[in-house]
Amino acid sequence: MLDTGVNIYIWVGKTSKAVTKTKTRLIAEKINKNERKGKAEIHMEVQDKESAAFWRGLGGAPPMPIVVSTVTQTYQGVSGRGSSTDSYSG
């Protein structure tokens, strides 16, 4: 749960159980009622579908991984597993 004052975000992971989601929602509602006097908005954030506002509340989205893959011109392809004709120079 991320509490930014006027917004309370509940992050839901892909493998989160329903009971965990429900209990977290109840806690968020209690915080909103008792501490925010009902003025906060509660948001459910699903893993890999998080809003920009959620990431701003955390200080910014995590950097995207940079994947670099290089295949040299001498790559001949794979003709069979363990074949002596396979050639890769990298």
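Structure's up top.
Residues numbered from 1 in each chain as written. Predicted model: local features only at pLDDT ≥ 70, side-chain atom pairs only at ≥ 80, totals over all residues. Heavy atoms only, no water.

Draft legend 1. Region of interest: the overall build of the protein. Helix and strand content of the protein: two helices and three strands. When the helices and strands of the protein are placed in sequence order, the string is β-β-α-β-α. Approximately 7200 Å² of the protein is accessible, and the part contributed by carbon and sulfur atoms is 54%. (Helix = DSSP H or I, 4+ residues; strand = E, 2+ residues; numbered from the N terminus. Areas by Shrake-Rupley, 256 points an atom, 1.4 Å probe, with all protein chains shown as cover.)

Draft legend 2. Structural context of the pattern of salt bridges. On inspection of all chains with the given rule, the structure shows four salt bridges. With a closest N to O distance of 2.4 Å, Asp 3 and Arg 36 form a salt bridge. Of this pair, Asp 3 sits in strand S1 (residues 2–3) while Arg 36 sits in the loop between helix H1 (18–35) and strand S3 (41–46), placing them 33 residues apart in sequence. A salt bridge links Arg 36 to Glu 35, with the nearest nitrogen and oxygen atoms 3.3 Å apart. Linked through salt bridges whose partners overlap, the residues forming this network are Asp 3, Glu 35 and Arg 36. (Salt bridge = Lys/Arg side-chain N within 4 Å of Asp/Glu carboxyl O.)

Draft legend 3. Seen up close, the packing of aromatic side chains. Scanning the model with the defined rule gives two aromatic pairs in all. Ring centres of Tyr 9 and Phe 54 lie 5.7 Å apart, and the angle between their planes is 70°; on these two criteria the pair is classed as edge-to-face. On the criterion of sequence distance, the pair formed by Tyr 9 in strand S2 (residues 7–12) and Phe 54 in helix H2 (residues 52–57) is long-range, its members being 45 residues apart. With 5.3 Å between their ring centres and 70° between their planes, Phe 54 and Trp 55 make a pair best called edge-to-face. An aromatic cluster is defined as three or more aromatic residues linked by ring pairs; in this entry it consists of Tyr 9, Phe 54 and Trp 55. (Phe/Tyr/Trp six-rings, centres within 6.5 Å; stacked < 30°, edge-to-face > 60°.)

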